[in-house]
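Results of the structural survey
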Amino acid sequence: MSILAAASALTLIAGLAGCSTSAGGGGDADTIRLLIAQPQAGAADILKSEFEKETGKTVDLTVVPYDQIQTKAVLDVQSGANQYDAVVYWYTGVGALADAGALADITDWINSDIDADDFIKSIYDPYTLYDGKRYGLPLDGDTHVLFYNKDILARNGVEVPTTWDEYQTAAATITANEGANGVYGSAELGAKSAFNIGSTFFNRLATFSSTPIDSQFPDLSTPEALAAAQSMLDAAPAALPTPLEIGFEQALPQFLAGNVGMMEFWTDLGVFAQDPTQSKIVDKWGVAPLPVGPKGQVSGALDAGWAIGISPHAADKALAEQFVKFATSAATNELLVTTSGSGVDPTRTSTLESAKYQAFAPEVSKVAAQVLPQAEPWPTGPKAPEMIAALSDNLALMLQGNLTPEDALAKTTEAWNALK
């Protein structure tokens, strides 16, 4: 996920209808019409340039805010407009999009023409599978890791935390010592949008739990789920004020300015932290796996994350397949993860093991290799968008002090049951 593009996306959501050079339904035999979200705009430009150079075909981009992808893809098919041949979708929407008929079943094509064994197993099924069929291929393997400011931790005498209790203690120590000077122990993404408060919760659910998260209906009644929610609440007082108002677009500049000790974030933060044109912490940052709970293990959540599927009414199915195969290939994944500004993380084991990736992002690549194969999914069933929205609403009420962690999870489960 491109954190700079994503920050731009949230400011555009209220008014942006999307930018496109598309001429409408019908398409052109030499043009692939791609619907893609703003956080992936950097990757889209690279894919367009490389595919056009390699094939002589044209890629026509329609870029929209991330929360419009599902609506636009479904409306395009159900209205008969048929303006898009391929769709880059947030993986949690795979069930909803497939159920609405907005994605083609590409199972047989994948089985016959795609090297799927190289996809990281923790990513492949959540991104692509619904009701036993495949509806896309992974493009961007997003997860969070723990970034930290070496100087802040050192001068406060705290170690890089390996457990959430240690994290809480370290953050509280830093804020107590330096909060009056505008330096805080952590930045908690608590803004009421899925990519923020949802990521903060699922990071903890994944690392507190000793069993896999059910991508169709996560169990929020477990002690581990309660501990995850409680951990969010406990961390808030020592975090950059005020978590409910902190999204990635607020947290990012504070971390790069040297005002935050620790932050859960997407792996491409490492690239920006080493860029002296936008960072005051060059060579002063480190990265580690997320802390874990008492029974948990090194893991993470599939926060954000994008796949690409084909419209059932693509103007040229063969061309759409050619583009999807190119965009998700091992060579393209390596290119994207080693290009600044793409915002793309590994989706393939070969990329994690790539010498080029390891040289491009030496610290981050080591941690990504530990975390991505163990990463846990968010809901991906047909009602996933509504489920995630209900969870975000109730977690926000918890951070406001209007719900206890127990009540927030109970109300979320009640809302989820009503969607069955």
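So, here's what we can say about the structure. (Residues numbered from 1 in each chain as written. Predicted model: local features only at pLDDT ≥ 70, side-chain atom pairs only at ≥ 80, totals over all residues. Heavy atoms only, no water.)

1. Here we look at the overall build of the protein chain
Here is the rule we go by: Helix and strand definitions follow DSSP, with helices as H or I runs of at least four residues and strands as E runs of at least two, each counted in order from the N terminus. We compute the radius of gyration from the C-alpha atoms alone; for a globule the expected value is 2.2 Å times N to the 0.38, where N is the number of residues. Every residue pair with non-hydrogen atoms within 4.5 Å of one another is taken to be in contact. Charge counting treats Lys and Arg as positive and Asp and Glu as negative, with His and both chain ends excluded. To locate a charge, take NZ of a lysine, CZ of an arginine, CG of an aspartate or CD of a glutamate.
When helices and strands are counted, the protein chain shows 19 helices and 12 strands. Over its C-alpha trace the protein chain gives a radius of gyration of 21 Å, about what one expects of a compact globule, namely 22 Å for 420 residues. Within the protein chain, contacts between residues separated by at least 24 positions form 77% of all contacts whose residues are at least 6 apart in sequence. A distance of 2 Å separates the average location of the 23 positive side-chain charges in the protein chain from that of its 50 negative side-chain charges.

2. Focus: the pattern of salt bridges
To keep it simple, the criterion reads: Whenever a carboxyl oxygen of Asp or Glu lies within 4 Å of a side-chain nitrogen of Lys or Arg, that contact is scored as a salt bridge. Relative accessibility decides the category of a residue: with a 1.4 Å probe and only protein chains considered, values under 20% of the type maximum give buried, values over 50% give exposed, and everything between is partly exposed.
Taken as a whole and judged by the stated rule, the model has 10 salt bridges. A salt bridge links Asp118 to Arg348; the nearest nitrogen and oxygen atoms lie 3.1 Å apart. One end of the pair, Asp118, is in the loop between helix 5 (107–113) and helix 6 (121–128); the other, Arg348, is in the loop between helix 14 (330–337) and helix 15 (349–352), and 230 residues separate them in sequence. Like Asp118, the residue Arg348 is buried in the burial classification. Residue Glu264 pairs with Arg204 through a salt bridge whose shortest N-O separation is 2.9 Å. With Glu264 in strand 10 (residues 260–266) and Arg204 in helix 9 (residues 194–208), this pair connects stretches of sequence that are 60 residues apart. Neither Glu264 nor Arg204 differs from the other in exposure class; each is buried.

3. Description of the packing of helix 2 (residues 41–55) against helix 13 (residues 317–327)
We count it as follows: Angles run from 0 to 180 degrees between N-to-C directions of axes, and those axes are lines fitted to C-alpha atoms, restricted for helices to the stretch in contact. Oblique is the label for every angle not falling under 35 degrees (roughly parallel), over 145 degrees (roughly antiparallel), or within 65 to 115 degrees (roughly perpendicular). By definition, turning the near helix anticlockwise from the far helix through less than a right angle yields a left-handed crossing, and turning it clockwise yields a right-handed one. Under the scheme applied here, ten amino acids are nonpolar (Ala, Val, Leu, Ile, Met, Phe, Trp, Tyr, Cys and Pro), four are charged (Asp, Glu, Lys and Arg), and all others, including Gly, are polar.
Viewed as axis vectors pointing N to C, helix 2 and helix 13 meet at an angle of 120 degrees, and their least axial separation amounts to 11 Å. In terms of their interaxial angle, helix 2 and helix 13 are classed as oblique. Between helix 2 and helix 13 lies a crossing whose hand is right-handed. From helix 2, Leu47, Glu50, Phe51, Glu54 and Thr55 reach across to helix 13, where they touch Leu319, Gln322, Phe323, Phe326 and Ala327. Across the contact of helix 2 with helix 13, the residue classes tally to 6 nonpolar, 2 polar and 2 charged.

4. Regarding unusual backbone geometry
Here Pro241 and Thr242 are connected by a cis peptide whose omega angle stands at -15 degrees. Looking at where Thr242 falls in the secondary structure, it is placed in the loop between helix 10 (223–235) and helix 11 (248–256). Located in the positive-phi region is Asn82, a residue other than glycine, with phi close to 50 degrees. One can find Asn82 in the loop between helix 3 (69–78) and strand 4 (86–90). With a phi angle near 55 degrees, Asp131 is a residue other than glycine that sits in the positive phi range. With respect to the helices, strands and loops of the structure, Asp131 is situated in the loop between strand 5 (129–130) and strand 6 (133–134).

Structural measurements only, silent on function.
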